[in-house]
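# Examining the three-dimensional arrangement
Here is how the chains run, residue by residue.
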Amino acid sequence: MPIRQLSETMINQIAAGEVVERPASVVKELVENALDAGAARIEVATSGGGLGLIRVVDDGSGMPEDELSLAISRHCTSKLGEDILDIRSLGFRGEALPSIGSVSRLTIRSRTKTADSGAEISVEGGRVASVRPAPSNRGTTVEVRDLFFATPARLKFMKTERAEATAIADTVKRIAIAFPSVRFTLSGTDRSTLELSATGDDIDGRLGRIAQVMGSDFPDNSIAIDAARESVRLEGHVSIPSYTRANALQQYAYVNGRPVRDKLIASAIRGAYADVLPRDRHAVTVLFLTLDPATVDVNVHPAKADVRFRDPGLVRGLIVGAIRQALANAGIRPATTGTQAMMSAFRSGGPAYAHPGPSANHRSYNPEFRATPSAGFGADFRAAPSAGFGSGFRGTPSANYDAAHSPFRPLDTGFAEAEQASFDAGPLHSADARAGQAEVVEALLQTELGAARAQVHENYIVAQTRDSLVIVDQHAAHERLVYEALKNALDSRPIPAQMLLLPEIVDMPEEDAERLALHSETLARFGLGVERFGPGAVAVRETPAMLGETDVTQLVRDLADEIADSDTADTLKERLHAIAATMACHGSVRSGRRLRPEEMNALLRQMEATPGSGTCNHGRPTYIELKLADIEKLFGRR
């Protein structure tokens, strides 16, 4: 077949294969155009999962009548100057509208602020109609009907209407997070209406928009991020280690306001949480990177979803360092979802508590009524006849009564086991275990984890703070403390290395060998001695002593692959930390060990002083907290 020039319609349909992947791609392009036009209100309506109808209405600057025909021509845009490296808008390629028009029935209606009336242009399967007058409010309305009718083969690759509608909602939410001052509305016959009111561009407004999209739980379980390194600034919020998801869909990243899905950013988030999350759980994050447009290339993919940084190591290091520092500064915080789950577990044991409970004026709230002999089962109760029973109910037992064999006698074991005797130093006026150590406890009640009260099932420490009840898993908590101590020891000095009797020669591509040689100093700090050994090979002379016998060839190749992917050599560090985690697991306080009160309080104080102690090495929570107000709700007092 001879070489020939493709028709304009064919060119646009080829471009549509890159830009218009699915209905959500169309929504993304149209919403970005509305934002570039300065819209403060954007309304999106869909039908049939976006395949039947997509309508985007905005109140932006609009387009004059004589520019409508240019808007649907390829490579025509108002957003790009002469410098391709200085891109400050969401769109810039000038391909979206002609590509959409080539595979659908497209109608654009627009009016500028100064125009007396609007104008309209239509495109059907690449065929352009003439511009005509049309009634229109200020701004632009874009309607896309019968998507892919001109390329029916593409319809076979679409998912269900529900799946496509969900993808559209995710796209709108992802964009909306970056523009909290814009009001978004998403409606249609295939969905329930989603309204995101404008919240403002300040810190509180941004967090308010995040709560609208991600739920009200996230702000209460997140940590603010604000860090900078050289010319790169990082802001946003990340979840505490005990607040996670089963997938990474709740990780949002933005570069100069542009939503992106970048491997480097995702890898940095995983690295920052590597020590505090299990492998099957993912953090919830919203991160905003701001940097000079000349240092990031957004023109690496037609859909503009990927970016390429001039200095990826700088960006990755900033993200990992900022998140780890924020987690360390935040101390220990339990997720509010843990409290909710515990309250649900308590409630699930029986029918819902329907009684409204005692009123605020009930005598049980009066301190004078509590624990007084006259109000409770005092000494006078046995001798006094009951008003509700006959005079035969007396305090004098019958002659045949044997208290030791009475079915109504107290339990033989009682509640004062010898192991807990240290809590009972003094007269016990109530069930409170503070008696005899009131002076010490009052100071401890003001701490984060409070004062130890008891140990139950020889594994769980029950503590009390000023306004809550805390339950600590002693093994998980001590495991984290030992692990952090081992990590600090590893990071504070070079890792001991063991010399190999014979150097291990590893053959690999020349570029991989060169990368390892460039990182040889870093690897030496972790006990791995690597040097070049001719073309396409490296010689390994030392390995970390902690690793013992290991597959040196596989280790070196894994390191080479990681350096090629993210310009880091964290694989070796992660392996050493994994060994430290195993050592911590076997060297920590075991379940079933009985602890003295001073040991329990010492463990609580160490947890408060150790970053990341809210979760164990495997990502499980080390403690849960139930507020006094929640306890009162369980008993119907609130």
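Here we summarise the structure given alongside this text. Computed from a predicted model, the values in this text were never measured in an experiment.

## Thoughts on the packing of aromatic side chains
This structure, assessed with the given rule, holds two aromatic pairs. Between Y254 and F288, the ring centres sit 5.0 Å apart and the planes meet at 15°, which makes this aromatic pair stacked. Placement of Y254 in strand β13 (residues 251-255) and of F288 in strand β16 (residues 285-290) is noted, with a sequence separation of 34 residues between them. The same class applies to Y254 and to F288, which are both buried. Positioned above the aromatic ring of F149, the side-chain terminus of R105 is 3.9 Å from the ring centre. The lysine or arginine in question, R206, covers the ring of F288, its NZ or CZ lying 4.1 Å from the ring centre.

## Concerning the sheet that holds strand β20 (residues 460-464)
Read across the sheet, four strands follow the order β19-β20-β21-β25 without closing on themselves; strand pairing throughout is antiparallel. Whereas interior strands pair on both sides, the edge strands pair on one side only; in this sheet they are β19 (451-456) and β25 (623-627). Taken over all neighbouring pairs, the strand axes of this sheet differ in orientation by 20° on average, direction set aside. Here five bridges tie β20 to strand β21 (residues 468-473), and the two strands are oriented antiparallel to one another. Paired with I461 across the two strands is V472, which belongs to β21. Against the sheet, helix α13 (residues 474-492) engages β19, β20 and β21, with an angle of about 70° to β21.

## Here we look at helix α14 (residues 510-518)
When we look at burial in α14, the residues that qualify are D512, A513 and L516. The arc that holds the buried residues of α14, viewed along the axis, is 100°, so those residues lie on one side.

## Describing the environment of L196
Among the secondary structure elements, L196 is positioned in strand β9 (residues 194-196). Considered as a pair, L196 and S181 are 15 residues apart in the sequence and their alpha carbons are 10.0 Å apart. Setting aside residues no more than four positions away along its own chain, L196 makes contact with A176, V182, R183, F184, R209, Q212 and V213.

## Thoughts on the packing of helix α2 (residues 23-36) against helix α5 (residues 161-178)
The geometry of α2 relative to α5 is characterised by a closest axis approach of 8 Å and an angle of 25° between their N-to-C directions. By the angle class used here, α2 and α5 are roughly parallel. Between α2 and α5 lies a crossing whose hand is right-handed. Here α2 contributes P23, A24, V27, K28, V31, E32 and L35 to the contact with α5, which in turn contributes E164, A167, I168, T171, V172 and I175. Counted by class, the contact of α2 with α5 contains nine nonpolar, one polar and three charged residues.

## Topic: the pattern of salt bridges
Under the defined criterion, the tally for this structure stands at 28 salt bridges. Salt-bridge contacts for E484 lead to R480; the nearest nitrogen and oxygen are separated by 2.6 Å. Residue E484 and its partner R480 are both found in helix α13; the two are separated by four residues, about one turn of the helix. The closest approach of N and O atoms between E484 and K487, which form a salt bridge, is 3.6 Å. Residue E484 and its partner K487 are both found in helix α13; the two are separated by three residues, about one turn of the helix. Here the two residues E484 and K487 agree in accessibility, since each one is buried.

## What to know about a nonpolar patch on the surface
Residues L6, M10 and I14 make up a contiguous nonpolar surface patch of about 250 Å² in total accessible area. As for its position among the elements, I14 is in helix α1 (residues 8-19). For I14, a relative accessible area of 46% translates into the label partly exposed.

Parameters at a glance
- Residues numbered from 1 in each chain as written.
- Predicted model: local features only at pLDDT ≥ 70, side-chain atom pairs only at ≥ 80, totals over all residues.
- Heavy atoms only, no water.
- Phe/Tyr/Trp six-rings, centres within 6.5 Å; stacked < 30°, edge-to-face > 60°.
- Helix = DSSP H or I, 4+ residues; strand = E, 2+ residues; numbered from the N terminus.
- Buried < 20%, exposed > 50% of the residue type's maximum accessible area, 1.4 Å probe, protein only.
- Lys NZ or Arg CZ within 6 Å of the ring centre and 35° of its normal.
- Pairing = 2+ DSSP bridges.
- Axes fitted to C-alpha atoms, helices over the stretch in contact; angles between N-to-C directions.
- Contact = heavy atoms within 4.5 Å.
- Arc of directions from axis to C-beta.
- Parallel < 35°, antiparallel > 145°, perpendicular 65-115°, else oblique.
- Left-handed = near helix turned anticlockwise from the far one by under 90°.
- Nonpolar A, V, L, I, M, F, W, Y, C, P; charged D, E, K, R; others polar.
- Salt bridge = Lys/Arg side-chain N within 4 Å of Asp/Glu carboxyl O.
- Patch = residues over 30% accessible without salt bridge, like charges linked within 9 Å, V, L, I, M, F, W, Y side chains within 5 Å.
- Areas by Shrake-Rupley, 256 points an atom, 1.4 Å probe, with all protein chains shown as cover.

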